[in-house]
Amino acid sequence: MAVATRAQRFKNRATLGLVLAGIGLAAFLFVGMASQQPAGWGAAYAFADPVTVQLRSNCGPMTVVGRSGGSGRAGATCEGVEWTADGKVRAGTLYSYADEIDRGGPDGPTYKGEARALGDRAYGKPTLWITIVHLATLGVAALGLAVLLFAALAAAVPGRRRR
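Residues numbered from 1 in each chain as written. Predicted model: local features only at pLDDT ≥ 70, side-chain atom pairs only at ≥ 80, totals over all residues. Heavy atoms only, no water.

(A) Representation of the packing of aromatic side chains. Across all of its chains, the model carries one aromatic pair by this definition. Taking the centre distance of 5.8 Å and the plane angle of 25° together, the rings of Y95 and Y123 count as stacked. With Y95 in strand β4 (residues 88-97) and Y123 in strand β8 (residues 121-124), this residue pair connects regions lying 28 residues apart in the sequence. According to the relative accessible area criterion, Y123 is buried, its value standing at 5%. Over the face of the ring belonging to Y45 we find R116, whose NZ or CZ atom lies 4.9 Å from the ring centre. (Phe/Tyr/Trp six-rings, centres within 6.5 Å; stacked < 30°, edge-to-face > 60°. Helix = DSSP H or I, 4+ residues; strand = E, 2+ residues; numbered from the N terminus. Buried < 20%, exposed > 50% of the residue type's maximum accessible area, 1.4 Å probe, protein only. Lys NZ or Arg CZ within 6 Å of the ring centre and 35° of its normal.)

(B) Structural view of the side chain of S96. Relative to the elements of secondary structure, S96 occurs in strand β4. Judged by its relative accessible area of 2%, S96 is buried. Within the structure, S96 has its side chain in polar contact with the side chain of E100 (distance 2.6 Å). Here the side chain of S96 touches Y111 through a polar contact of 3.2 Å, side chain to side chain. Not counting chain neighbours up to four residues away, the residues in contact with S96 comprise W41, G75, A76, Y111 and G124. (Polar contact = N/O pair within 3.5 Å; in protein donor to acceptor, adjacent residues only side chain to side chain. Contact = heavy atoms within 4.5 Å.)

(C) Structural context of the nonpolar core. Counting residues in each nonpolar core, the largest one holds 15 residues, and the members touching the most others are V51, V53, L55, V81, W83, L94 and Y111. Those elements that place two or more of their residues in this core are β1 (49-54), β3 (75-85) and β7 (115-118). Of the residues forming this core, the biggest block, five residues, is contributed by β3. Within the second largest apolar cluster, seven residues are counted, among which are W41, A44, Y95 and Y123. (Core = buried A, V, L, I, M, F, W, Y, C linked by side-chain atoms within 4.5 Å.)

(D) The pairing of β1, seen in detail. By the bridge criterion, three bridges tie β1 to β7 in an arrangement that is antiparallel. If you follow D49 over to β7, its bridge partner there is A117. Two strands pair when backbone bridges link them, and β1 and β3 are joined in this way by three bridges, in the antiparallel orientation. Paired with V53 across the strands is W83, a residue of β3. (Pairing = 2+ DSSP bridges.)

What follows is the structure in structure tokens.
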């Protein structure tokens, strides 16, 4: 029975860590591209702060087409949106579904959904599956990085001698 050397164990653990991190990050980005929505929308929404959004008149709708050929829920990206968080007014881009924007109001468009902001982006509430997939893939990527860090630390610590 062959005994694995310290370098071989490090190589095995590091490979596992890189594979896990790669799978997690690839799935995270693929879900964003495949769904025609911003990469990380679900994760950003989960960690962002609740805000009150004020729209301007320059929201452009984008239609998402489903795999079966049917039309999916239309998304909207609005530039120059202002929101209030913690008493401070900030501006940026809103990513939301088009049906959460009421364009027929007398004072211009209004946002009727729930929004959260992270940095210079505000996000409308995504569908539940997007949030679950984004958080799960980020978790897998974080686990891969933790395994890689553990492998590096285990390789750096001197081993005990067997008698």
